[in-house]
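Architecture at a glance
Listed below are the residues making up each chain.
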Amino acid sequence: MQNKGLVKLFAILFGLVSVYQLSFTFKANSIEKEAEEMAINKISDTEDDYRAKRSQEEADYLQSIATDTVFNIGVAKFTYNEVKQKAMNLGLDLKGGINVILQVSVKDILKGLANNTSDPVFNKALDDASELQKNSQNTYLQDFFTAFDAIKGDTKLASPDIFYTKELDGEIDGSMSDDEVKNIIETKIDESIVSAFEVLRKRIDEFGVTSPNIQRLGTSGRILVELPGVKDVERAKSLLQSTAQLEFWDAYKGEQFYQFLGQADVVLKDIVEEEAKAVEVESQDQEDAQDSQIDELLGDSQTDSTAVDTNNNPLGKLIKGIGYQGGPIIAKFAIKDKQTVLDYLNMPEVRALLPAEMRYTKFVFGKPEKDSELVDLYALVGNREDVPPLSGAVVTDASNEFSPVGNRPEVAMQMNSKGAKIWEEMTGNAYQQGSQIAIVLDDVVYSAPGVTSGPIAGGRSSISGDFTLNEAIDLANVLRAGKLPASADIIQSEVVGPSLGQEAIDSGTTSFLIALVLVLLWMIFYYGKAGIFADIAMILNILLIFGVLSGLGAVLTLPGIAGIVLTIGMSVDANVLIYERIREELAKGKGQIESIKDGFSNALSSILDANITTGLTALILFVFGTGPIKGFATTLLIGILTSLFTAIFITRLLIDWYANKGGKLDFSTGITKNLFRNINIEFLKKRKLAYIISGAFIALSLGSLFTSGLDQGVDFVGGRTYQVRFAQDVSAEEITNLLSQPDVFSSADAKTFGDANQLKITTKYKVNESGAEVDEEIREKLYTALVPHLEGISYEQFMDLNDENKQVGLLESYKVTPTIADDIKQASIWAILGSLIVVFLYILFRFKKWQYSLGAVVAVFHDVLIVLGVFSLTYRFMPFNMEIDQAFIAAILTVIGYSLNDTVVVFDRIREFFNEHTSWNFNRVVNSSLSSTLSRTLNTSLTTLVVLLAIFIFGGDSIRGFMFALIVGVIVGTYSSLFIATPVMYDTINRLEEKKKKN
């Protein structure tokens, strides 16, 4: 081998760089462990919200050392921020956390651009577009334009009632055509989505999560957010979805509306057909006392015609308390009655009772106190435009602080000059009138303080309320980052608790070590001393993979670990190809050094072709995949490159060194010396039998696919999935029946997931509805139904995903809406078709005959159909999850790559023999080629199977179905390369030759 010095230098440098990169990971883990232990020692688990406090303590400590030097390697020093930036990132499935895809509401943005118009054509087009989206691959905007064009008649987008508004004046005018307006609206929508992306990015940065990932997905208005390691999942979801509409409104005094409430009930008696269900009271004494208070509030019911009879009047009977004299609170209501009260108060007949100067009054509820079932009703001074005197847009800075009195969390904020001027005027008026200013966030009054010391100048003030520390921190973060231009709904989410993440790390590490040991021992068993050199190269290969992953800032996931372990199995292939070629040269009587040289040279073409085809499928997987699947593709791609380097150069370097100093290498042991030698099997004679066997399997697979179908996961059909662990073993069938009751989900499916005390529960209940309220409703229904099997744990304990040692309750949740499920399905189909097309073209380029490409693609179709058939036939009784999801598609693509790897090696030998033995007929060339590569084929397949079985047995429940697909694929792929790909290629070439002879 030439340039040995350069290879040695590069290998040493590459190895040192990998060790250097990985050192940051070890150091970061050490520092974070210290921070965790410090927080545990400082905050006892007897304190309220101790996990949130510990999490905040950890974050504060790490923030305090962010710019401190924590790592000194002699030639350089690094701060904690620099160490963390260079450390390897763990993915969601290993660290716990949340992965969501947010859909920014383009519908809301369009409404805003049209100034919330009531134009019937515009609003019908919006509704029609929402319907089209359910089965469309277009963006919402494209479907809106389609829907508008279908019903517009003479209406134009540039109409003053639609987009020719004051806000868009100067950009749109009434003379513009619809096509011109569409271009402008497209730009405006894109700007709004970019704005939403930036707002979310700033919020995430402020949230303090390590290694966050945020990406905009195409032009659809979708944004991917991954927050591995986040402790408080619900807090994170709230932060991501909050529109943060901060507003400041003047508030009326509550007593100004006492008479109005009485008059309202008189009107409501006549217009409400059925009274709201009465709220049960604890005792008659309490009811009498409450009635007395309300009578006092509303006047003597015997003499005042506007008085409220609390037993018979729709509104009066819902009142649970009153506000203080001179304060902004009108009355207190039960939280569950909020919407009913607002519906009553906003009826046109009721609003008509308001005095003329109060006709635009806004009725808004406050923020409920912790553990309270009551909420306060406020009346705000509204206006025709429904625009607040001051909005949160004027806030330039915000921070969480503690109030001087009571040491309670609050938010301090600073306004710009324009806001400061308006704020001074508002506070001045409130001071003179003895009234309050309501601070409203997302239509909820957080506080309504009075002004006791005159106008507030300078624009600096505080928002106080019943905040927890985290709420104050999040509100300050949101105010600094700004508000979202439209609502953002979570259309896909995956939530993994840290306990499940730790289990994944343990199982992943175990499977990795077992697979590695088995492969190392096998190579020594089969190739003797030469196997030791291959093992050294393989260990270096693993070091390089981890080093490159760390250096690139890639995220290591459980499928990523599977990719690394699979790479170990497949990297053996390169060494096997080389060693088998060397054995062939030795068998010809050549000397050791010459055999080594020729063996490496002859194997190079096969190695490159095999790895390029596998790399092409991995590349397509990387392009189309998301999250953990992209992680799998990343490690596979890196592994292919490092495997090529270590097999071709490092193994050669070690073998040359040993041979040149006089060492003897047989590339076999006493047991394996004559194994697979002098084989001459007539493979082509067996092709018709193989066609019959394969045809039968394919027919059986297709029959099952058409009749039984596949167990499609929520990735492809939409729905919500929850992984729940119980204290005792449970029956999946019993839980399915329980959750399928009409008062629960009506339809649900529970499957044993791993051990008998763990279930994967899937439901499509309210699958088309998004929002935190719907998610919470479904979780509460789930908990209520499962309570008899949970041995007394509370809802909070069931839901708690912060506990790293959690053994019972919810461990993971996953949600996919039907719209994005349809997109995932389409992307998966294109990924498979794309890989087949790319590989067809590559093989055509390398072998110059389309028959080779046809044989390879037919074999791949054969393998995919049989894998699908096996899943269709067995998913009902297999003791592990066999859902068809994105991970399964990754497995299919990997099977395609593996099958092609095998096939290309055989084709490469056929091409070599065809050029070498020009006197042989084609039949003999093919049979000899298949026989000569049989040792390599079986050796590589068995090694890969051993690796896959190790992951399957020890790698954890979440990837067991994924591994089973690969195991089936490797077996079928090995068979098809021998009995399908090559015979199909042979038959098509023969038929073409026969036609030529006839012509």
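**A closer look at the overall build of the chain**
Within the chain, the regular secondary structure consists of 31 helices and 23 strands. Each of the 999 residues in the chain was classed as buried or not, and the buried ones make up 54%. Here the contacts in the chain between residues at least 6 apart in sequence split such that 73% fall between residues at least 24 apart. On the chain, roughly 44,500 Å² of surface is accessible, and the fraction owed to carbon and sulfur atoms is 55%.

**A word on the nonpolar core**
Judged by nonpolar contacts, the single largest core of 126 residues is most densely connected at Tyr 579, Phe 888, Ile 896 and Ile 910. Among the elements that line this core, the one with the most residues is helix α31 (residues 960-998), at 17 residues. For Ile 896, the residues in contact, after removing those within four places along its chain, are Thr 617, Ile 832, Ser 835, Leu 836, Val 860 and Val 864. Counting residues in each nonpolar core, the second largest holds 49 residues, with Leu 102, Ala 114, Leu 157 and Ala 196 among its members.

**Comments concerning the pattern of salt bridges**
Applying the stated criterion across every chain, the model contains 30 salt bridges. Here Asp 376 ties to Lys 332 by a salt bridge, and the two come within 2.7 Å at their closest N and O atoms. Remark: Lys 332 occurs in strand β9 (residues 329-334) and Asp 376 occurs in strand β11 (residues 374-380); sequence separation between them is 44 residues. Residue class for Asp 376 comes out buried when judged on its relative accessible area of 16%. Given the relative accessible area of 25%, Lys 332 is considered partly exposed.

**Quick notes on the side chain of Thr 79**
Position of Thr 79 among the secondary structure elements: in strand β2 (residues 77-79). When near neighbours in sequence (up to four residues on either side) are disregarded, Thr 79 contacts Ala 66, Thr 67, Asp 68, Thr 69 and Val 70.

**A few points about the environment of Met 963**
Mapped onto the elements of the fold, Met 963 is located in helix α31. Looking at Met 963, the relative accessible area reads 1%, which means it is buried. Along the chain, Met 963 and Phe 952 lie 11 residues apart, while their C-alpha atoms are 5.6 Å from each other.

**Concerning helix α30 (residues 934-954)**
Here α30 is 21 residues long and its end C-alpha atoms lie 30 Å apart, about the 30 Å a rise of 1.5 Å per residue gives. Burial analysis of α30 places 15 of its 21 residues in the buried class, the great majority of the element.

**Quick word on a nonpolar patch on the surface**
A cluster of nonpolar residues, Leu 619, Phe 622, Val 623, Phe 624, Ile 829, Trp 830, Leu 833, Ile 837 and Leu 841, forms a patch on the protein surface that exposes about 860 Å² of accessible area. Of all the elements, helix α26 (residues 818-847) adds the most residues to the nonpolar patch, at five residues. Under the relative-accessibility criterion, Trp 830 is labelled exposed at 54%.

**Considering a negative patch on the surface**
Taken together, the side chains of Asp 169, Asp 173, Asp 179 and Glu 180 present a region of like negative charge at the surface. Summarising the element assignment, Asp 173 is placed in the loop between α7 (140-151) and α8 (178-207).

**Quick look at the sheet that holds strand β21 (residues 748-752)**
Read from one edge to the other, the open sheet built from eight strands follows the order β5-β6-β4-β18-β23-β20-β22-β21, with strand pairing classed as antiparallel. The open sheet is flanked by β5 (213-217) and β21, the only strands paired with a single partner. When the angles between neighbouring strand axes are averaged without regard to direction, this sheet yields 20°. As defined by bridge partners, strand β20 (residues 719-725) adjoins strand β22 (residues 758-763) across six bridges and the pair is classed as antiparallel.

**Some points on the environment of Ser 643**
Relative to the elements of secondary structure, Ser 643 occurs in helix α20 (residues 628-660). For the pair Ser 643 and Val 572, spaced 71 residues apart in sequence, the C-alpha to C-alpha distance is 8.5 Å. Those residues in contact with Ser 643, other than ones at most four positions away along the chain, are Asn 541, Thr 567 and Ser 571.

**Digging into unusual backbone geometry**
A positive phi angle, near 70°, is found at Ser 746, a position not held by glycine. Looking at Ser 746, the relative accessible area reads 48%, which means it is partly exposed. Unusually for a residue other than glycine, Lys 848 sits at a positive phi of about 65°. Within the secondary structure, Lys 848 sits in the loop between α26 and α27 (850-874). Since its relative accessible area comes to 63%, Lys 848 is described here as exposed.

**Overview of the packing of aromatic side chains**
This model, assessed by the stated rule, comprises 40 aromatic pairs. Ring centres of Phe 10 and Phe 645 lie 5.4 Å apart, and the angle between their planes is 75°; on these two criteria the pair is classed as edge-to-face. Placement of Phe 10 in helix α1 (residues 4-42) and of Phe 645 in helix α20 is noted, with a sequence separation of 635 residues between them. Owing to a relative accessible area of 12%, Phe 645 belongs among the buried residues under this scheme. Taken together, a centroid distance of 5.1 Å and an interplanar angle of 65° make the contact between Tyr 579 and Phe 667 edge-to-face. Of the two residues, Tyr 579 sits in helix α18 (residues 558-587) while Phe 667 sits in the loop between α20 and α21 (687-707), which places them 88 residues apart along the sequence. For the pair shown, Tyr 579 and Phe 667 are each scored as buried. Ring-pair connections join several aromatic residues into one group, and the members of that group are Trp 522, Phe 525, Tyr 526, Tyr 527, Tyr 579 and Phe 667. Taking the ring centre of Phe 845 as reference, the NZ or CZ of Lys 848 above it sits at 4.9 Å. Over the ring of Phe 952 we find Arg 960; its NZ or CZ atom is 5.9 Å from the centre of that ring.

Calculation criteria
Residues numbered from 1 in each chain as written. Predicted model: local features only at pLDDT ≥ 70, side-chain atom pairs only at ≥ 80, totals over all residues. Heavy atoms only, no water. Helix = DSSP H or I, 4+ residues; strand = E, 2+ residues; numbered from the N terminus. Buried < 20%, exposed > 50% of the residue type's maximum accessible area, 1.4 Å probe, protein only. Contact = heavy atoms within 4.5 Å. Areas by Shrake-Rupley, 256 points an atom, 1.4 Å probe, with all protein chains shown as cover. Core = buried A, V, L, I, M, F, W, Y, C linked by side-chain atoms within 4.5 Å. Salt bridge = Lys/Arg side-chain N within 4 Å of Asp/Glu carboxyl O. Expected span 1.5 Å × (residues − 1). Patch = residues over 30% accessible without salt bridge, like charges linked within 9 Å, V, L, I, M, F, W, Y side chains within 5 Å. Lys, Arg positive; Asp, Glu negative; His and termini not counted. Charge placed at Lys NZ, Arg CZ, Asp CG, Glu CD. Pairing = 2+ DSSP bridges. Axes fitted to C-alpha atoms, helices over the stretch in contact; angles between N-to-C directions. Phe/Tyr/Trp six-rings, centres within 6.5 Å; stacked < 30°, edge-to-face > 60°. Lys NZ or Arg CZ within 6 Å of the ring centre and 35° of its normal.

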